[in-house]
Amino acid sequence: MTETAGPQSVTVIGGGLAGLSAACALADTGHKVRLLERRPYVGGRASSYEHPGTGEVIDNCQHVLIGRCTNLIDLYRRLGALDSIRWYDHFTFIEPGGRRTLLQPSFLPAPLHTSLAFLDAPAFSISDKFAIARGMSAFLTRIPDDTDENFAHWLARHGQTKRAIDHFWHPVLVSALNEDLDRISIKYAGKVFRESFLLSPDAGRMGIPSVPLSDLYGRAIDYLHARGSEVHLRTSVEAIEPVDMAEPEIGWIIRSGDRIFPSDAVVLALSFEALAGLLPSLPRNAGSKQLAADLAQFEHSPITGIHLWFDREITDLEHAVLLDATIQWLFNKSKLQPAHRDQQENYIELVVSASKSLVPMQRQEIIDLAMRELAQFFPSVNSANLVKAAVVKEVRATYSVRPRLDRIRPGAESPWPGIYLAGDWTATGWPSTMESGVRSGYLAAEALSRDAGAVEKFLVPDLPPAGLMRLFS
Ligand SMILES: Cc1cc2nc3c(=O)[nH]c(=O)nc-3n(C[C@H](O)[C@H](O)[C@H](O)COP(=O)(O)OP(=O)(O)OC[C@H]3O[C@@H](n4cnc5c(N)ncnc54)[C@H](O)[C@@H]3O)c2cc1C
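Residues numbered from 1 in each chain as written. Predicted model: local features only at pLDDT ≥ 70, side-chain atom pairs only at ≥ 80, totals over all residues. Heavy atoms only, no water.

Side note on helix α14 (residues 363-377)
End to end, α14 covers 22 Å across 15 residues, agreeing with the expected 21 Å (1.5 Å per residue, within 8%). Where α14 is concerned, the buried positions are Ile366, Ile367, Leu369, Ala370, Met371, Glu373, Leu374, Ala375 and Phe377. Turning to α14, the residues buried within the fold contact β7 (91-94), β15 (300-310), β16 (319-322), β17 (329-332), β18 (346-353) and β19 (386-399). (Helix = DSSP H or I, 4+ residues; strand = E, 2+ residues; numbered from the N terminus. Expected span 1.5 Å × (residues − 1). Buried < 20%, exposed > 50% of the residue type's maximum accessible area, 1.4 Å probe, protein only. Contact = heavy atoms within 4.5 Å.)

Okay, here's the thing in structure tokens:
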């Protein structure tokens, strides 16, 4: 079966955040867009589904954003989904035993807006607070360059105390970048701390979707249909070949089973490992050999989500950072998602980032560990009954932003004419996040329209610094 394509037809392969943002931007500017996605739903690594063991619709893992994610927010605006994000300007850190530290902005201008909360924080001693202030001051004027140094080494060099690391640097960074501190580039660590805590209160606030992820990103399908685009789910691309091997600029043929999709241009919006799997079908040239070598250097890091349903409420908090434990974040889904509010059970999701120690463990072992630890923070767990549970191990959750990774992240231009690269791993200046996915999609759409002779801009500006940070930027 052959599907026809008109002039300026663009096929976007991959329906994650990168593919959806590229497809929506290109559809908006009059291209004839076709989106091909292997799974029965869009959203890629940010999606929800009916969990077979519990019968509940769950997110593959809780996803959060910060105010600084301007392009992701722009995608929500396009999709009419801004009202599905709830914003929080406070973070509650809890120690075993229940002692709480509240980090939230005050009336003081940036970068001092969270300093009053730090001064008041019981989770840190005076010397921890001095150490944190000294460390943060290194990011006042700029984000460091991407050198060979890792962030654990940087913390030692900047005289950080053990508790400052355990109660601040580690929990913030491991959840933001999903890696151990000795495998994180100082550039991306500096970016997280400068943008979340110094730049402005708006940049650092946290957004949490109030609907399942597939409801959020599924809106893109209606958006594309309304602009005359095609969306083909359950369509796994197996090969991409030039229409004419001698003149690849004429166009491309995309193969999926017995279906063939001809296309003038292609956006490959895939994870790095999925792209590596398609490379053998594409023409070999010097650029493609280099790309294959670069892709082989990316490494994954896992995230584990532990979903628990209790017969009664175990906490009135909506979310919290859990210190000195394996479990790192608590999200009270019964409060965060209206769909769960009317359920009798209290639905809690616990998140463990960089969860290498959990990957080899059995489901029940992980649930037992989570229940034991959770009771140390919330004694009410001891009198509650666990009604059901699910453990979701995402072994290929994100790539590690190791020192010097930027050297091998390619831009949107590919080694082949008319083919563009997108994906959170490409050169966006952001770590493995939804924002990076959307930026990469917009950048690929910009490169494509540039080659087609138009000067379309899709990337939106960053948030400006506020208060005294204007003087430092
Ligand atoms: C457990 C977990 C928690 C996370 N938490 C956060 C968070 O809190 N905040 C945040 O910002 N980010 C988070 N992330 C990261 C974020 O989800 C990703 O960075 C982002 O979704 C990547 O989008 P992408 O489009 O680049 O890639 P993907 O989402 O991987 O999209 C690629 C798409 O291509 C499809 N595909 C693959 N091969 C083919 C083929 N041959 N043919 C057709 N289609 C194909 C895939 O099915 C997929 O839909 C998390 C990720 C995980 C897994």
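Considering the domain arrangement of the protein chain
What the domain assignment lists for the protein chain is domain 1 (9-47 + 213-298 + 403-451), domain 2 (90-204) and domain 3 (300-399). Each of domain 2 and domain 3 has a C-alpha centre, and the two are 24 Å apart. Taken residue by residue, the interface counts 20 residues in domain 2 and 20 residues in domain 3. Approximately 1700 Å² of surface area, both sides summed, lies buried where domain 2 meets domain 3, with 54% of it carried by carbon and sulfur atoms. The largest share of the area that domain 2 buries against domain 3 comes from Ile94, Pro96 and Asn178, three residues that together contribute 36% of it. (Domains from an automatic or database assignment. Buried area = accessible area lost by both parts, 1.4 Å probe.)

Structural notes on the site of the ligand
Neighbouring the ligand are 31 residues; Glu37, Arg45, His63, Val64 and Asp424 lie closest to it. Take His63: an N or O atom from its side chain is 2.8 Å from an oxygen atom of the ligand. For the ligand, an oxygen atom lies 2.9 Å from a polar atom in the backbone of Met434. In isolation the ligand exposes 1000 Å². Once the protein is present, 94% of that is buried. Within the residue set of the shell around the ligand, elements represented by two or more residues are α1 (17-28) and β19. Along the lines of polarity and charge, the residues of the shell around the ligand split into 13 nonpolar, 12 polar and six charged. (Near = heavy atom within 4 Å. Polar contact = N/O pair within 3.5 Å; in protein donor to acceptor, adjacent residues only side chain to side chain. Areas by Shrake-Rupley, 256 points an atom, 1.4 Å probe, with all protein chains shown as cover. Nonpolar A, V, L, I, M, F, W, Y, C, P; charged D, E, K, R; others polar.)

Details of the sheet that holds strand β20 (residues 419-422)
One open sheet holds the five strands; their spatial order is β10-β2-β1-β14-β20, and the pairing between them is parallel. Each edge of the open sheet carries a strand with a single partner, namely β10 (230-232) and β20. With direction set aside, neighbouring strand axes in the sheet form an average angle of 15 degrees. Across three bridges, the pairing between strand β2 (residues 32-36) and β10 is parallel. Paired with Arg34 across the bridge in β10 is Glu230. Together, β1 (9-13), β14 (265-269) and β20 form the strand contacts of helix α15 (residues 434-451), whose direction differs from that of β20 by roughly 160 degrees. (Pairing = 2+ DSSP bridges. Axes fitted to C-alpha atoms, helices over the stretch in contact; angles between N-to-C directions.)

A few points about the pattern of salt bridges
Pairs may arise between side chains of opposite charge once their charged atoms sit close together. Per the stated rule, a full pass over the model turns up 35 salt bridges. One salt bridge in this structure joins Arg34 and Glu230, with 3.4 Å as the shortest N-O distance. Highlighted residues: Arg34 in strand β2 and Glu230 in strand β10, separated in sequence by 196 residues. On the basis of relative accessibility, which here comes to 23%, the residue Glu230 falls in the partly exposed class. A salt bridge links Glu56 to Lys388; its shortest N-O distance comes to 2.8 Å. With Glu56 in the loop between β3 (48-50) and β4 (57-59) and Lys388 in strand β19, this pair connects stretches of sequence that are 332 residues apart. A network of salt bridges, in which partner residues are shared, links Arg68, Lys191, Glu195, Glu435, Arg439 and Asp462. (Salt bridge = Lys/Arg side-chain N within 4 Å of Asp/Glu carboxyl O.)

Re α1
The end-to-end C-alpha separation of α1 is 16 Å, in line with the 16 Å expected for 12 residues at 1.5 Å each. The element α1 is extensively covered by neighbouring structure, given that 11 of its 12 residues are classed as buried. A positive backbone phi angle near 90 degrees is found at Gly30, which sits one or two residues after α1.

What about the environment of Ser449?
Note on placement: Ser449 falls in helix α15. Here the alpha-carbon distance between Ser449 and Leu26, two residues 423 residues apart in the chain, equals 8.2 Å. With near-sequence residues (within four places) excluded, Ser449 lies in contact with Ala454, Glu456 and Phe458.

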